[in-house]
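What follows is each chain in one-letter form.
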Amino acid sequence: MGNPGRRAVGEMLQALRSRLNIDFVVLNGENSAGGFGITKQVSHDFFRAGVDAITLGNHTWSKRESWDYIDSETRVLRPANYPPGVPGRGWGVFKIENGIKIAVASLMGRTFMTPIDCPFRTADTILAGLDEDAHISIIDIHAEATSEKVALGYYVDGRASAVIGTHTHIQTSDERVLPSGTAYMTDAGMAGVTESVLGLDPVVAMERFLKQMPNRLKLAEGVPTLQGALIDIDESTGRATGIRRINLKSGEDNCELPQPV
């Protein structure tokens, strides 16, 4: 979420990758440029910090100057269930150092959000189109409704390695491995200032609710937090064997993480 979130990623991700022996990092970057959208420079900063793939969401098109970049950069994924003809791609397959292929898909929900094509049927198409070598598949479901996220998790259980929700900026504590081997979490949270209203200055946010008048949103200032999920996946089967939350304040990257479930 804006510069504080980018700072958290830049300061903490490399150390986490090294300490936890992380093979692959997916980051949702749709709020990374001033809180709305993404730019070429911001995404390159993420790649240098240790991110392997970037997913987006309902603010994908907020920076018009980035549309051509989204169309050309294969590591940046806008929601796959946008109608045909929009720039960019919604999923990709990435090969890590040991030769394992990892498919990453970006999907967006429809409940309480802008109308868009069905994420469930789009997931069917993506998963059916993967080659046999891409055993591992990760889905970012960017959605408002908890029920829609949970339903998608069960819908692809056993077909995707992980379904992780984004969009609400509030980390949930329901991480688990579903019955057929898909790691699931309703919302990964955010990288940003948690002493805030979804990363925004509380005073400005309260004014909007109290007066019901538009005002210029302002990012919160303070110590940033890095939130997300750490997933263990059996590379031979593509099934998850564990998932745990990451919730670390800047300067606390050596603290203990929850045990995997």
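Up top is the structure these notes are about.
Scoring rules and cut-offs
- Counting restarts for each chain, with residues numbered from 1 along the sequence as it is written.
- Since the coordinates come from a predicted model, pLDDT governs what is reported: local features require at least 70, and pairs of side-chain atoms require 80 or more to be given and counted, while whole-chain, interface and lining totals use all residues.
- The side-chain numbers reported here are obtained from all heavy atoms of the structure, hydrogens and water having been left aside.
- In DSSP terms, a helix is any run of H or I states spanning at least four residues, a strand is any run of E spanning at least two, and both are numbered starting from the N terminus.
- Atoms considered for the radius of gyration are the C-alpha atoms alone. The globule rule reads 2.2 Å times the number of residues to the power 0.38.
- Contacts were defined at the residue level, with two residues in contact if any of their heavy atoms lie within 4.5 Å.
- Using a 1.4 Å probe, accessible areas were evaluated by the Shrake-Rupley method; residue-level cover was limited to the displayed protein chains.
- In this count, Lys and Arg are taken as positive residues and Asp and Glu as negative ones, while His and the chain termini are left out.
- Charge positions are represented by NZ for Lys, CZ for Arg, CG for Asp and CD for Glu.
- Here, strands pair whenever DSSP counts at least two bridges between them.
- Buried and open spaces are told apart on a 1 Å grid over the protein atoms alone, a cavity being a set of points where a 1.4 Å probe fits but cannot get out and a pocket being an open set with protein on both sides within 12 Å along at least five of seven lines. Residues with an atom within 4 Å of a point are the lining residues.
- Grid points are joined across faces, edges and corners, and a volume is the space filled by probe spheres set on the points.
- Gly falls in the polar group here, along with every residue not listed as nonpolar (Ala, Val, Leu, Ile, Met, Phe, Trp, Tyr, Cys, Pro) or charged (Asp, Glu, Lys, Arg).

(A) Examining the overall build of the protein chain more closely. Tallying secondary structure elements over the protein chain gives six helices and twelve strands in all. For the protein chain, whose C-alpha radius of gyration is 17 Å, the value lies close to the compact-globule estimate of 18 Å for 261 residues. Projecting the C-alpha coordinates of the protein chain onto the three principal axes gives extents of approximately 55 × 45 × 35 Å. Residue pairs at least 24 apart in sequence account for 58% of intrachain contacts in the protein chain once pairs closer than 6 positions are excluded. Roughly 12,400 Å² of accessible area belongs to the protein chain as shown, and the carbon and sulfur atoms make up 50% of that amount. Averaged over its 26 positive side-chain charges, the protein chain has a centre that lies 5 Å from the centre of its 32 negative ones.

(B) Structural context of the sheet that holds strand S11 (residues 225-233). Spatial ordering of the open sheet is given by S10-S11-S12, a layout of three strands whose pairing is antiparallel. The sheet terminates laterally at strand S10 (191-192) and strand S12 (240-249), the two strands that pair on one side only. Bridge analysis of S10 against S11 gives two bridges, and the strand direction is antiparallel. Note on S11: the bridge partner recorded for Gly 192 is Thr 225.

(C) Structural context of empty space enclosed by the protein. Taken as a whole, this structure holds one cavity of 30 Å³ or more when the rule is applied. Within this model, the largest cavity holds a volume of roughly 40 Å³. Every residue along the wall of the largest cavity is listed here: Ala 103, Val 104, Ala 105, Ile 126, Leu 127, Leu 130, Ser 137, Ile 138 and Ile 139. Looking at the lining of the largest cavity, the elements with two or more residues in it are strand S5 (101-108), helix H4 (119-128) and strand S6 (136-142). Here the lining of the largest cavity is composed, by residue class, of eight nonpolar, one polar and no charged.

In short, geometric facts, not functional conclusions.
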